[in-house]
Amino acid sequence: MKIKSVQILILIGIISIFIIGYFVFQSLNKKNNPLFKIPNTNSIIKEDKLIDSSDGVSDPQFKNTNQTGEANPDAAAFSEAYVVGDHSICEEIKSESSKLLCDVYITNSKAKLEKNINICEEITDESYRADCHDNMIIFFAQQEKNKEKCGELINKKRFDECLFRL
């Protein structure tokens, strides 16, 4: 019986050494292999908000997140087009989806700046056009502090958002 107990203790000790060794190795190797590795991409991502100096209203804006420090020409053109409000600059963007977003952002900004929901009709993509419309409805509801205005939303899922912003 004593021999079996000793063998079990030795086996437990060996397993413990392997487990401890594994965790020590992982902690030493974290610099080269982090738990949540974020890939280095040359993509454009959405930044939370940018203050539009013309009316003090927050609007989304794209930001170049190229971690190598190289300038992304699409991001630069997108940013310039948005700041200047010029749709023709969007044509310089190579990515078709980014080009569409560029036009949509400028149109959304123009509609809000001019407080004219009809400007949203310039957007050719139906879902972006509906989003522009709903953004304007929420904007007007806030300005007028009018809960009934939220009933004019196309996307009824945004009703709570509309009420919350009042």
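Just so we're clear, the structure is a prediction, and the values are computed from it rather than from any experiment.

A. Expanded view of the overall build of the chain. Scanning the chain from N- to C-terminus turns up 6 helices and 2 strands. Each helix (α) and strand (β) of the chain, taken in turn from the N terminus, gives the series α-β-β-α-α-α-α-α. Out of the 166 residues belonging to the chain, those deemed buried represent 28%. Carbon together with sulfur atoms contributes 58% to the accessible area of the chain, which is approximately 11,900 Å² in total.

B. Representation of the pattern of salt bridges within the structure. Inspection of the entire model under this criterion finds 5 salt bridges. The partner of glutamate 152 in a salt bridge is lysine 149, and the shortest N-O contact between them spans 3.5 Å. For glutamate 152, a relative accessible area of 40% corresponds to the partly exposed category. Here arginine 165 and glutamate 161 are joined by a salt bridge, their closest N and O atoms 3.3 Å apart. Glutamate 161 sits in the partly exposed class, given a relative accessible area of 25%. Connected via shared salt-bridge partners are Asp131, Arg158, Glu161 and Arg165.

C. Region of the structure containing the environment of glutamate 161. By secondary structure assignment, the location of glutamate 161 is in helix α6 (residues 159-164). Glutamate 161 sits 11 residues away from cysteine 150 along the chain, and the two C-alpha atoms are 9.1 Å apart.

D. How the structure looks around helix α4 (residues 96-114). In a regular helix each residue adds 1.5 Å, so 19 residues correspond to 27 Å; α4 covers 27 Å between its end C-alpha atoms and thus fits that length. Listing the buried residues of α4 in full gives Ser98, Lys99, Leu101, Cys102, Val104, Tyr105, Ile106, Thr107, Asn108, Ser109, Ala111 and Lys112.

E. Structural view of the nonpolar core. Ala77, Phe78, Ala81, Tyr82, Ile89, Cys90, Ile93, Leu101, Cys102, Tyr105 and Ile106 form the largest nonpolar core, which has 11 residues in total. Taken together, the elements giving at least two residues each to this core come down to α2 (73-84), α3 (87-90) and α4. By size, the runner-up hydrophobic cluster in this structure holds 9 residues, among which are Ile119, Cys132, Phe139 and Phe140.

F. The state of the cysteines, seen in detail. Under the criterion given, the structure shown has 3 disulfides. Cysteine 120 shares a disulfide with cysteine 132; S-S distance 2.0 Å. Residues cysteine 120 and cysteine 132 are joined through a disulfide that is left-handed, its torsion about the S-S bond being -65°. One end of the pair, cysteine 120, is in the loop between α4 and α5 (126-144); the other, cysteine 132, is in helix α5, with 12 residues separating them in the sequence. Accessibility classification places cysteine 120 together with cysteine 132 in one group, the buried group.

Scoring rules and cut-offs
- Residues numbered from 1 in each chain as written.
- Predicted model: local features only at pLDDT ≥ 70, side-chain atom pairs only at ≥ 80, totals over all residues.
- Heavy atoms only, no water.
- Helix = DSSP H or I, 4+ residues; strand = E, 2+ residues; numbered from the N terminus.
- Buried < 20%, exposed > 50% of the residue type's maximum accessible area, 1.4 Å probe, protein only.
- Areas by Shrake-Rupley, 256 points an atom, 1.4 Å probe, with all protein chains shown as cover.
- Salt bridge = Lys/Arg side-chain N within 4 Å of Asp/Glu carboxyl O.
- Expected span 1.5 Å × (residues − 1).
- Core = buried A, V, L, I, M, F, W, Y, C linked by side-chain atoms within 4.5 Å.
- Disulfide = S-S within 2.5 Å.

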